[in-house]
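Geometric and topological summary
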Amino acid sequence: MEKKYKALALDLDGTLMDSNKELSDVNKKAVWEAIDVGTAVILASGRPMFGVLPVARMLELEKRGGYVLAYNGGNILDCKTGKLVYERYVPKQCIEDICIAARECDVAPLTYYKDKVISERADDEYVIKEAFCNSASIMQVDNIPEFVDYPVSKVLVVGEHKKLLPVKEKLENKYSDILELFFSEDYFLEIVPKNVGKDASLAELLSQLGIKREELIACGDGLNDISMIKYAGLGIAMKNAYDEVKNNADMVTELNNDENAVADVINRFIINEQ
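Described below are features of the structure shown in this document. This one's a predicted model, so the numbers in the text were calculated from it and none came from an experiment.

1. Some words on the packing of helix α2 (residues 25-36) against helix α12 (residues 261-271)
One can describe the packing of α2 onto α12 by two numbers: an axis separation of 8 Å at closest approach and a directional angle of 25°. In this view, α2 runs roughly parallel relative to α12, as classed from their interaxial angle. The handedness of the crossing between α2 and α12 comes out as left-handed. Taken together, the residues of α12 that come into contact with α2 (itself represented by V26, N27, A30, V31, E33 and A34) are V262, A263, I266, N267, I270 and I271. Of the residues that constitute the contact of α2 with α12, the class distribution is nine nonpolar, two polar and one charged.

This is the structure we're talking about:
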């Protein structure tokens, strides 16, 4: 009998990882079992590439095979070959306006340089939170648009939700044709190139792999996971997910991310289906 589900897309924070940002042995072994029965495993995260790669290495994806979808889909890496199979970048002319809008609303813009988070406000609590998520150090820069002379896959504007709303409105009014703006958390406004999202990037990857969307399981908990949960043949929200995510899912797990919900999903829908 042919496998019903051939691909598994996993969000990291709040999904595959526990509340301490750690990967349990139970989840790790379950992912390996999924790979062993021929499932394409995709780590789909808003994190920058350098924030996802340590998890990919823990899962030995460079040896076992698998994919990293970073920056909410701006880059997709084939772990076995080490090559990017998909890449999109924020148009250079937008970066200055993003930073101006952030400054005007008293919130902090940030992006990434090598393995660091760079920001004009290195001491901001939400900048520190993003650095913690990625086990990264923070580099203070005077002016992000002047510092950035390389392709940027994502800009994040961080702060209190009510202060981020006018930033989002201002940028959507000007750049809705070339940027996507959405919240991954109430305090994280994600800004990526137009048509970049976990759904669109997964569609691109599945096309390359010859897998149908109906053969994809997607698991997530955050607002930026809604698109892939709606796109997948089986979209699963974690018990600890935002209500809006649960409302868009085909099912909600009985376990949360601290109780190895991902391993339970793999056992139910991939291993026991064999």
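2. Considerations on the packing of aromatic side chains
For the coordinates displayed, the defined rule picks out seven aromatic pairs. Judged by centre distance (6.0 Å) and plane angle (70°), the rings of F50 and Y112 are edge-to-face. Of the two residues, F50 sits in helix α3 (residues 49-58) while Y112 sits in strand β6 (residues 108-113), which places them 62 residues apart along the sequence. In this structure, F50 and Y112 share a single accessibility class: buried. For the ring pair Y187 and F188, a centre distance of 4.7 Å and an interplane angle of 80° mean the geometry is edge-to-face. Residue F188 is classed as buried on the basis of its relative accessible area of 6%. One aromatic cluster is present, formed by F50, Y71 and Y112 through successive ring pairs. Above the ring of W32, the side-chain terminus of R64 is found at 3.8 Å from the ring centroid.

3. With respect to the sheet that holds strand β1 (residues 7-10)
Reading across from one edge, β5-β4-β3-β2-β1-β12-β13-β14 is the order of the eight strands in this open sheet, with mixed pairing throughout. Of all the strands in the sheet, the pair left with one neighbour each is β5 (83-87) and β14 (251-252). Pairing of strand β3 (residues 67-70) with strand β4 (residues 75-78) involves four bridges; the strand directions are antiparallel. Residue pairing across strands places V68 opposite L77, the latter belonging to β4. Each of β2 (40-44), β3, β4 and β5 is contacted by α3, which is oriented at about 155° to β3, the strand it contacts most. Most of the contacts of α12 go to strand β12 (residues 216-220), to which it runs at about 160°, and overall it touches β1, β12, β13 (234-237) and β14.

4. Here we look at the pattern of salt bridges
Scanning all chains against the criterion turns up 20 salt bridges. Of the charged contacts, one joins K6 and E215 as a salt bridge, the two residues approaching to 3.3 Å between their closest N and O atoms. Remark: E215 occurs in the loop between α9 (198-209) and β12 and K6 occurs in the segment before β1; sequence separation between them is 209 residues. Residue classification places K6 among the partly exposed positions, given a relative accessible area of 22%. Of the residues examined, E215 reaches a relative accessible area of 10% and is grouped as buried. For the salt bridge of D225 with K198, the shortest nitrogen-to-oxygen distance reads 2.5 Å. Taken together, the residues span a long stretch of sequence, with D225 in the loop between β12 and α10 (226-231) and K198 in helix α9 at a distance of 27 residues. Classification of D225 by relative accessible area gives buried; the value is 0%. Connected through salt bridges with shared partners, the residues D106, R121, D124 and K163 form a single ionic network.

How each quantity is defined
Residues numbered from 1 in each chain as written. Predicted model: local features only at pLDDT ≥ 70, side-chain atom pairs only at ≥ 80, totals over all residues. Heavy atoms only, no water. Axes fitted to C-alpha atoms, helices over the stretch in contact; angles between N-to-C directions. Helix = DSSP H or I, 4+ residues; strand = E, 2+ residues; numbered from the N terminus. Parallel < 35°, antiparallel > 145°, perpendicular 65-115°, else oblique. Left-handed = near helix turned anticlockwise from the far one by under 90°. Contact = heavy atoms within 4.5 Å. Nonpolar A, V, L, I, M, F, W, Y, C, P; charged D, E, K, R; others polar. Phe/Tyr/Trp six-rings, centres within 6.5 Å; stacked < 30°, edge-to-face > 60°. Buried < 20%, exposed > 50% of the residue type's maximum accessible area, 1.4 Å probe, protein only. Lys NZ or Arg CZ within 6 Å of the ring centre and 35° of its normal. Pairing = 2+ DSSP bridges. Salt bridge = Lys/Arg side-chain N within 4 Å of Asp/Glu carboxyl O.

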